[in-house]
Amino acid sequence: MSDPDVSVSPVKAEAWYSYGIEKTLQRLTTVPHRGLAEKTVVERRRTYGLNEIATIAGRNNWQILLDQFTNVMLLMLIGVAIISGVLDLLSLRLEQSQTEGLPFKDTIAIFAIVILNGLLGYFQESRAEKALAALKKMASPKVQVVRDAIARKLKRPAWCRGTLFCWRRAVNSVPMAN
(Lines give C-alpha, C1' and ligand atoms only; values in the text may rest on other atoms or scores of the structure.)
Protein backbone atom coordinates (compact mmCIF):
# COMPACT_ATOMS: atom_id res chain seq x y z
CA MET A 1 0.00 0.00 0.00
CA SER A 2 2.74 2.47 0.82
CA ASP A 3 5.90 3.35 -1.06
CA PRO A 4 9.22 2.19 0.41
CA ASP A 5 10.65 5.68 -0.26
CA VAL A 6 8.00 7.32 1.94
CA SER A 7 8.93 7.86 5.57
CA VAL A 8 6.10 9.10 7.75
CA SER A 9 6.90 11.58 10.48
CA PRO A 10 4.56 12.38 13.36
CA VAL A 11 2.56 15.56 12.86
CA LYS A 12 1.84 17.90 15.73
CA ALA A 13 -1.91 18.19 16.18
CA GLU A 14 -3.18 21.65 15.39
CA ALA A 15 -6.64 23.18 15.75
CA TRP A 16 -7.05 23.68 12.00
CA TYR A 17 -10.78 24.20 12.37
CA SER A 18 -10.15 27.41 14.33
CA TYR A 19 -8.03 29.05 11.59
CA GLY A 20 -9.41 31.32 8.91
CA ILE A 21 -8.84 30.60 5.22
CA GLU A 22 -5.86 32.94 4.88
CA LYS A 23 -4.13 31.62 7.98
CA THR A 24 -4.72 28.00 6.91
CA LEU A 25 -3.27 28.65 3.45
CA GLN A 26 -0.30 30.43 5.02
CA ARG A 27 0.35 27.61 7.53
CA LEU A 28 0.17 25.04 4.72
CA THR A 29 2.20 27.23 2.35
CA THR A 30 -0.48 26.82 -0.31
CA VAL A 31 -0.77 29.58 -2.89
CA PRO A 32 -4.41 30.61 -3.53
CA HIS A 33 -5.51 30.05 -7.17
CA ARG A 34 -2.25 28.17 -7.89
CA GLY A 35 -2.41 25.29 -5.43
CA LEU A 36 0.67 23.24 -4.72
CA ALA A 37 3.60 22.69 -7.04
CA GLU A 38 4.30 19.06 -7.99
CA LYS A 39 7.70 19.31 -6.30
CA THR A 40 5.98 20.31 -3.05
CA VAL A 41 3.53 17.42 -3.38
CA VAL A 42 6.40 14.92 -3.70
CA GLU A 43 8.14 16.42 -0.64
CA ARG A 44 4.96 16.28 1.43
CA ARG A 45 4.30 12.68 0.49
CA ARG A 46 7.79 11.82 1.70
CA THR A 47 7.27 13.76 4.92
CA TYR A 48 3.64 12.88 5.80
CA GLY A 49 3.00 9.73 3.77
CA LEU A 50 0.16 8.95 1.40
CA ASN A 51 -3.36 10.13 2.13
CA GLU A 52 -4.84 6.73 2.89
CA ILE A 53 -5.79 4.70 5.89
CA ALA A 54 -3.59 1.69 6.50
CA THR A 55 -5.61 -1.43 5.87
CA ILE A 56 -5.16 -4.90 7.22
CA ALA A 57 -5.12 -7.76 4.77
CA GLY A 58 -8.47 -9.53 4.64
CA ARG A 59 -8.95 -12.96 6.12
CA ASN A 60 -8.84 -15.94 3.83
CA ASN A 61 -11.74 -18.41 3.55
CA TRP A 62 -10.25 -20.88 6.03
CA GLN A 63 -9.78 -18.20 8.67
CA ILE A 64 -13.38 -17.06 8.25
CA LEU A 65 -14.63 -20.66 8.55
CA LEU A 66 -12.49 -21.46 11.61
CA ASP A 67 -13.54 -18.23 13.30
CA GLN A 68 -17.13 -19.48 13.24
CA PHE A 69 -16.21 -22.20 15.72
CA THR A 70 -14.44 -20.01 18.28
CA ASN A 71 -17.66 -18.71 19.83
CA VAL A 72 -17.99 -19.72 23.49
CA MET A 73 -21.54 -21.04 23.04
CA LEU A 74 -20.49 -23.20 20.07
CA LEU A 75 -17.52 -24.55 22.01
CA MET A 76 -19.89 -25.43 24.85
CA LEU A 77 -22.22 -27.18 22.39
CA ILE A 78 -19.30 -29.14 20.96
CA GLY A 79 -18.33 -30.13 24.52
CA VAL A 80 -21.91 -31.22 25.25
CA ALA A 81 -21.98 -33.25 22.02
CA ILE A 82 -18.72 -34.99 22.96
CA ILE A 83 -19.99 -35.77 26.47
CA SER A 84 -23.27 -37.04 25.03
CA GLY A 85 -21.37 -39.24 22.57
CA VAL A 86 -19.14 -40.66 25.32
CA LEU A 87 -22.19 -41.41 27.52
CA ASP A 88 -23.96 -43.11 24.60
CA LEU A 89 -20.83 -45.15 23.88
CA LEU A 90 -20.52 -46.20 27.53
CA SER A 91 -24.21 -47.08 27.62
CA LEU A 92 -23.83 -49.28 24.53
CA ARG A 93 -20.78 -51.08 25.92
CA LEU A 94 -22.22 -51.66 29.38
CA GLU A 95 -25.58 -52.92 28.21
CA GLN A 96 -24.18 -54.93 25.30
CA SER A 97 -27.59 -54.68 23.73
CA GLN A 98 -29.44 -52.46 21.36
CA THR A 99 -30.92 -49.34 22.89
CA GLU A 100 -34.15 -47.86 21.70
CA GLY A 101 -33.87 -45.83 18.55
CA LEU A 102 -30.76 -44.54 16.90
CA PRO A 103 -27.63 -44.50 19.05
CA PHE A 104 -25.79 -41.17 19.24
CA LYS A 105 -28.90 -39.29 18.05
CA ASP A 106 -28.29 -36.39 20.47
CA THR A 107 -24.64 -36.19 19.45
CA ILE A 108 -25.52 -36.20 15.76
CA ALA A 109 -28.22 -33.54 16.26
CA ILE A 110 -25.90 -31.23 18.22
CA PHE A 111 -23.05 -31.59 15.72
CA ALA A 112 -25.47 -30.97 12.84
CA ILE A 113 -26.61 -27.73 14.50
CA VAL A 114 -23.01 -26.65 15.16
CA ILE A 115 -21.97 -27.35 11.54
CA LEU A 116 -25.06 -25.64 10.12
CA ASN A 117 -24.44 -22.60 12.33
CA GLY A 118 -20.77 -22.50 11.24
CA LEU A 119 -21.66 -22.70 7.54
CA LEU A 120 -24.33 -20.01 7.79
CA GLY A 121 -21.95 -17.74 9.68
CA TYR A 122 -19.22 -18.39 7.12
CA PHE A 123 -21.43 -17.49 4.15
CA GLN A 124 -22.73 -14.38 5.89
CA GLU A 125 -19.28 -13.16 6.90
CA SER A 126 -17.65 -13.87 3.53
CA ARG A 127 -20.43 -11.92 1.78
CA ALA A 128 -19.98 -9.07 4.24
CA GLU A 129 -16.22 -8.93 3.55
CA LYS A 130 -16.83 -8.89 -0.20
CA ALA A 131 -19.38 -6.09 0.21
CA LEU A 132 -16.93 -4.13 2.36
CA ALA A 133 -14.21 -4.50 -0.27
CA ALA A 134 -16.62 -3.26 -2.95
CA LEU A 135 -17.57 -0.27 -0.78
CA LYS A 136 -13.90 0.60 -0.29
CA LYS A 137 -13.41 0.66 -4.07
CA MET A 138 -16.45 2.89 -4.50
CA ALA A 139 -15.38 5.21 -1.66
CA SER A 140 -12.35 6.48 -3.53
CA PRO A 141 -13.80 9.57 -5.17
CA LYS A 142 -12.12 11.69 -7.78
CA VAL A 143 -12.23 15.37 -6.94
CA GLN A 144 -11.03 18.44 -8.73
CA VAL A 145 -7.90 19.99 -7.21
CA VAL A 146 -5.59 22.80 -8.24
CA ARG A 147 -1.94 21.93 -8.89
CA ASP A 148 0.43 24.42 -10.53
CA ALA A 149 -2.59 26.64 -11.38
CA ILE A 150 -4.22 23.81 -13.35
CA ALA A 151 -7.43 22.09 -12.26
CA ARG A 152 -7.08 18.28 -12.27
CA LYS A 153 -9.20 15.36 -11.15
CA LEU A 154 -7.34 13.16 -8.66
CA LYS A 155 -8.20 10.25 -6.39
CA ARG A 156 -7.69 10.35 -2.63
CA PRO A 157 -4.15 8.88 -2.36
CA ALA A 158 -2.89 11.69 -4.64
CA TRP A 159 -4.12 14.36 -2.24
CA CYS A 160 -1.66 15.66 0.31
CA ARG A 161 -1.48 18.16 3.10
CA GLY A 162 -2.20 21.59 1.62
CA THR A 163 -4.10 20.37 -1.46
CA LEU A 164 -6.43 23.07 -2.80
CA PHE A 165 -9.85 21.64 -3.75
CA CYS A 166 -12.31 23.11 -6.24
CA TRP A 167 -15.75 23.15 -4.66
CA ARG A 168 -18.98 23.19 -6.66
CA ARG A 169 -22.13 24.72 -5.36
CA ALA A 170 -24.92 22.16 -5.04
CA VAL A 171 -27.53 24.91 -5.44
CA ASN A 172 -26.54 25.40 -9.09
CA SER A 173 -27.47 21.83 -10.00
CA VAL A 174 -30.52 21.25 -7.76
CA PRO A 175 -33.78 22.98 -8.68
CA MET A 176 -35.22 24.99 -5.81
CA ALA A 177 -38.92 24.87 -4.94
CA ASN A 178 -40.84 28.17 -4.74
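This part takes up the pattern of salt bridges. Across all of its chains, the model carries five salt bridges by this definition. With a closest N to O distance of 2.4 Å, Arg59 and Asp67 form a salt bridge. By relative accessible area, Arg59 is classed as partly exposed at 28%. In this structure, Glu125 and Arg59 form a salt bridge, with 2.1 Å as the shortest nitrogen-oxygen distance. Placement of Glu125 in helix 5 (residues 105–138) and of Arg59 in the loop between helix 2 (38–48) and helix 3 (61–67) is noted, with a sequence separation of 66 residues between them.

At their nearest, the axes of helix 4 (residues 72–95) and helix 5 sit 8 Å apart, and the two run at 160° to each other. As judged from the angle between their axes, helix 4 and helix 5 are roughly antiparallel. The hand of the helix 4/helix 5 crossing is left-handed. In this structure, helix 4 contributes Leu74, Leu77, Ile78, Val80, Ala81, Ile82, Ser84, Gly85 and Asp88 to the contact, and helix 5 contributes Lys105, Asp106, Thr107, Ile110, Phe111, Val114 and Asn117. Residues belonging to the contact of helix 4 with helix 5 are distributed by class as follows: nine nonpolar, four polar and three charged.

We now examine the side chain of Arg44. Relative to the helices and strands, Arg44 is located in helix 2. Although Arg44 is buried, it makes no salt bridge; Glu43 carries the closest opposite charge, 6.6 Å away. Dropping the residues within four chain positions of it, Arg44 is found in contact with Leu28, Thr29, Thr30, Leu36, Gly49, Cys160, Arg161 and Gly162.

Rules of the game
The numbers attached to residues start from 1 for each chain and follow its sequence in the written order. Two thresholds apply to this predicted model, a pLDDT of at least 70 for residue-level local features and 80 or more for giving and counting side-chain atom pairs, whereas whole-chain, interface and lining totals are computed over all residues. Each side-chain value is derived from all of the structure's non-hydrogen atoms; neither hydrogens nor water enter the calculation. Basic side-chain nitrogens of Lys or Arg form a salt bridge, by our definition, when they fall within 4 Å of a carboxyl oxygen of Asp or Glu. The buried label applies to any residue whose accessible area, calculated with a 1.4 Å probe on protein chains only, is under 20% of its type's maximum; exposed applies above 50%, and partly exposed to all values in between. In this text, helices come from DSSP runs of H or I with a minimum length of four residues, and strands from runs of E with a minimum of two, each type numbered from the N-terminal end. Here, axes are lines fitted to C-alpha atoms. For helices the fit covers the stretch in contact, and angles between N-to-C directions go from 0 to 180 degrees. Should an angle fall under 35 degrees it is taken as roughly parallel, and over 145 as roughly antiparallel, whereas 65 to 115 is taken as roughly perpendicular and any remaining angle as oblique. Left-handed describes a crossing whose near helix is turned anticlockwise from the far helix by less than a right angle; the clockwise case is right-handed. Residue contacts are counted whenever heavy atoms from the two residues lie within 4.5 Å of one another. Throughout this entry, Asp, Glu, Lys and Arg are counted as charged residues, while Ala, Val, Leu, Ile, Met, Phe, Trp, Tyr, Cys and Pro are counted as nonpolar. The remaining residues, Gly among them, count as polar. Just so you know, the count uses Lys and Arg for positive and Asp and Glu for negative, and it drops His and the chain ends.

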